[in-house]
Amino acid sequence: MRLAAPRTLAVMERRRRRTDHLPHPGLLPAEPLGRARAACDLAAAAGFDASLAIHVPDNGSQGVLCGASGRVEPSIDVARGVARSAAHEGRALQLIDADGPVRGIGLRHAAVPVGRTEDGTIVLVVSDSRLTRREGQALATWAAPDAVSGMRVRGGACAGITRRLARDHGADVVVLALFAASGIRLDVHVRSGAMLHTCRVPSDTVWGEVARHGAAFTLGDLAMHPGTALLGSLGMRTAALVGLENGHGIAIGALGIASVGDLDIDIAHHLLADAPALGPEVMARLSTTSVPVPAPDGTVDLRLLAARVGCRRFAMYERVGTELHLVAAHGPDGTPLGAHPDELETQLVGWAAQKGVGVVSDDAAAVLIGNHTVLYAQDPGKRALDCLRLALQDVRRNPFGGEDLADDERAA
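This structure is a prediction, so every number in the text was calculated from the model and none was measured.

**Student:** Even after reading the chapter, I still don't get the overall build of the protein, so can you show me in this structure?
**Tutor:** Along the backbone of the protein there are 12 helices and 16 strands. When each of the 412 residues of the protein is scored for burial, the buried share is 47%. Contacts in the protein between residues at least 24 apart in sequence constitute 54% of all its contacts with a sequence separation of at least 6. Of the roughly 20000 Å² of accessible surface on the protein, a fraction of 51% belongs to carbon and sulfur atoms.

Next comes the structure, spelled out in structure tokens:
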């Protein structure tokens, strides 16, 4: 028996995905309700168990079923809940798992906002016992709306930039690939500007190559290139990449746009012409707070520093004799907080003062600055030690006195 070549096996694997049978997204109606209803029929035809179009009213009342295909009854109650969550949070994709009608067989539900009406949001919900995360992401990419007027879109500081680029270049996905502490961070946005996926890839991928050389080129067969396999799994056929710099000749990463179809033949030239303005614009959007500048006596505005850290709680402690005293606590925007420290905060701050390094828990960190000051940050959605480190780098270089960050984390 002859075995298929690795390349042939990869092509066969891609064709096994049900989302490969979805038509070009340009064939979906632009009108939200029509778009959701058409998407229901096409998702069911592609092999998914059930798909529902749900109107989520702004007044908080129960979602209204506006269209459906497949076995809807086992999914309707959960679908209404996940549709409400997707509409209110503005995510590109909301995935949840729930019990199915048969014991031991669960259903995964993928909710995708597809448009806005006068009094609510239309959400497509696909329910299936074999729905994978990658299929859910491919569905979100396929059904994402072009027009988002009045919709809540959760896409971060660069949502407007990515939405504009998708519209101007007829793209289905826009990727920001920025150099990070380790490798390159990829932020994948759908055409609405909403964030679909965030991950880190090594620097020795096509993203690092284009970033280092400030180049621009187009790619096909995306599943075969290091760094663009994710785009291929979302159904993208071609992509164009361009390097970005900060306006002063320093490379900051790369930008990529991808499409289910073929991009304009001159797309790389267009992106190369736009890159000198895009890099500084991205930097400006990501720098949403003022940089804290030390006064002549060395003091720093704690409100500005707290906003730069951006965590749910930021606190500063001073050592007086053998005791640590709370000086101030602030919220993510620099607003003063009146809440007293909890047991975890007290413990981490004490450890940092004793060990003389940074210590971390699951969602909090504390670090000793000099001999008498301890800074603390806590946020369940962020790496608190990284937030402290990056903010302090704005104030002075190498705030940890040469300590390796990996050693700080192991000290906890």
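**Student:** Please explain the sheet that holds strand β9 (residues 216-220) as it appears in this structure.
**Tutor:** An order of β8-β7-β6-β11-β10-β9 is seen for the 6 strands of this open sheet, with the pairing classed as antiparallel. A strand with exactly one partner marks an edge of an open sheet, and here the two such strands are β8 (195-201) and β9. Going across the sheet, the axis of each strand differs from the next one's by a mean of 20°, ignoring polarity. Relative to strand β7 (residues 184-190), strand β6 (residues 173-179) is paired through 7 bridges, and the arrangement is antiparallel. In the strand pairing of β7, Phe179 is matched with Ile184. Sitting on the sheet, helix α6 (residues 206-213) is in contact with β6, β7, β8, β9, β10 (238-245) and β11 (251-259), with an inclination near 125° to β11. Packed onto the sheet, helix α8 (residues 267-286) meets β6, β9, β10 and β11 and runs at close to 50° relative to β10.

**Student:** Would you mind showing me how to read unusual backbone geometry here?
**Tutor:** Trans is the common state for peptide bonds, and a negative phi is the common state for residues other than glycine. Here the phi dihedral of Asp221 falls at roughly 50°; this positive angle occurs in a residue that is not glycine. By the secondary structure assignment, Asp221 is in the loop between β9 and α7 (229-233). Take Asp221: its relative accessible area is 30%, and that puts it in the partly exposed class.

**Student:** Looking at this model, I keep getting lost on the layout of surface pockets. Mind explaining?
**Tutor:** Unfilled space is identified by rolling a water-sized probe across the atoms. The calculated volume of the largest pocket comes to roughly 2200 Å³. What lines the largest pocket is a set of 44 residues, and nearest its centre among them are Arg185, Asp187, Leu286, Lys382 and Leu390. Of all the secondary structure elements, the ones that give two or more residues to the lining of the largest pocket are β3 (94-99), β6, β7, β8, α8, α9 (302-309) and α11 (384-395). It is α11 that provides the largest number of residues to the lining of the largest pocket, a total of 6 residues. Taken as a whole, the second largest pocket holds about 440 Å³ of empty space.

**Student:** How should I be thinking about the pattern of salt bridges in this particular structure?
**Tutor:** Close approach of charged atoms allows side chains with opposite charge to pair. Taken as a whole, this structure holds 17 salt bridges when the rule is applied. A salt bridge links Asp128 to Arg18; its shortest N-O distance comes to 3.0 Å. Of this pair, Asp128 sits in strand β5 (residues 120-128) while Arg18 sits in the loop between α1 (6-15) and α2 (32-45), and the two are 110 residues apart along the sequence. Residues Asp128 and Arg18 agree in their burial class; the two are buried.

**Student:** For this particular structure, what's the right way to read empty space enclosed by the protein?
**Tutor:** The final tally for this structure, using the stated rule, is 1 cavity of 30 Å³ or more. In this structure, the largest cavity spans a volume of roughly 70 Å³. As for the largest cavity, its lining consists of 13 residues, and the residues nearest its centre are Arg91, Ala92, Pro113, Ser192 and Ala194. Tallied by class, residues from the lining of the largest cavity come to 9 nonpolar, 2 polar and 2 charged.

**Student:** Even after reading the chapter, I still don't get the pairing of strand β13 (residues 323-330), so can you show me in this structure?
**Tutor:** Side-chain positions along a regular strand alternate between the two faces of the sheet. Where strand β12 (residues 313-320) meets β13, 7 bridges bridge the pair, whose relative direction is antiparallel. Bridge pairing in β13 links Val320 to Glu323.

**Student:** It is not clear to me how the side chain of Thr162 should be interpreted in this structure. Could you clarify?
**Tutor:** As for its placement among the helices and strands, Thr162 is situated in helix α5 (residues 159-169). A relative accessible area of 1% places Thr162 in the buried class. Here Ala159 takes part through its backbone oxygen, which lies 2.9 Å from a polar atom of the side chain of Thr162. Those residues in contact with Thr162, other than ones at most four positions away along the chain, are Val174, His189 and Gly193.

**Student:** What is the right way to read helix α3 (residues 76-89) from this model?
**Tutor:** The terminal C-alpha atoms of α3, which comprises 14 residues, lie 20 Å apart, in line with the 20 Å expected from a rise of 1.5 Å per residue. Turning to α3, its buried residues are Ile76, Ala79, Arg80, Val82, Ala83, Ala86 and Ala87. Of the residues trailing α3, Gly90 is marked for its positive phi of about 75°.

**Student:** Which parts of the structure should I look at to understand the packing of α5 against α8?
**Tutor:** Between two packed helices, both the angle of their axes relative to each other and the distance between the axes serve to describe the pair. For the pair α5 and α8, interaxial distance at closest approach is 11 Å and the crossing angle is 165°. By the angle between their directions, the pair α5 and α8 is classed as roughly antiparallel. In this structure, α5 crosses over α8, and the sense of that crossing is right-handed. Taking contact as the criterion, the partners of Gly160, Ile161, Arg164, Leu165 and His169 in α5 are, on α8, Ile267, His270, Leu271, Asp274, Leu278, Glu281, Val282 and Arg285.

**Student:** Explanation requested: the sheet that holds strand β15 (residues 364-369) in the structure shown.
**Tutor:** Strand pairing within a sheet occurs via backbone hydrogen bonds; the two strands may be parallel or antiparallel. Here 5 strands make up an open sheet; going across it, the order is β13-β12-β16-β15-β14 and the pairing antiparallel. What marks the edges here is a single partner per strand, and that holds for β13 and β14 (359-360). Relative to strand β16 (residues 373-378), β12 runs antiparallel, the two being bridged by 6 bridges. If you follow Tyr317 over to β16, its bridge partner there is Val374.

**Student:** What exactly am I supposed to notice about the nonpolar core here?
**Tutor:** Most often, soluble globular proteins have nonpolar side chains that are buried together. Formed by 47 residues in total, the largest nonpolar core has its most connected members in Val173, Trp207 and Leu231. Apart from residues lying up to four places away in sequence, Trp207 is in contact with Val175, Ala177, Ile184, Leu186, Val201, Gly227, Thr228, Leu231, Leu241, Ala254, Leu255 and Gly256. Cys158, Leu178, Val242 and Leu271 belong to the second-largest nonpolar core, a separate cluster that totals 20 residues.

Rules used throughout
Residues numbered from 1 in each chain as written. Predicted model: local features only at pLDDT ≥ 70, side-chain atom pairs only at ≥ 80, totals over all residues. Heavy atoms only, no water. Helix = DSSP H or I, 4+ residues; strand = E, 2+ residues; numbered from the N terminus. Buried < 20%, exposed > 50% of the residue type's maximum accessible area, 1.4 Å probe, protein only. Contact = heavy atoms within 4.5 Å. Areas by Shrake-Rupley, 256 points an atom, 1.4 Å probe, with all protein chains shown as cover. Pairing = 2+ DSSP bridges. Axes fitted to C-alpha atoms, helices over the stretch in contact; angles between N-to-C directions. 1 Å grid on protein atoms, 1.4 Å probe; cavity = no way out; pocket = protein on both sides within 12 Å on 5 of 7 lines; lining within 4 Å. Points joined across faces, edges and corners; volume = space filled by probe spheres on them. Salt bridge = Lys/Arg side-chain N within 4 Å of Asp/Glu carboxyl O. Nonpolar A, V, L, I, M, F, W, Y, C, P; charged D, E, K, R; others polar. Polar contact = N/O pair within 3.5 Å; in protein donor to acceptor, adjacent residues only side chain to side chain. Expected span 1.5 Å × (residues − 1). Parallel < 35°, antiparallel > 145°, perpendicular 65-115°, else oblique. Left-handed = near helix turned anticlockwise from the far one by under 90°. Core = buried A, V, L, I, M, F, W, Y, C linked by side-chain atoms within 4.5 Å.

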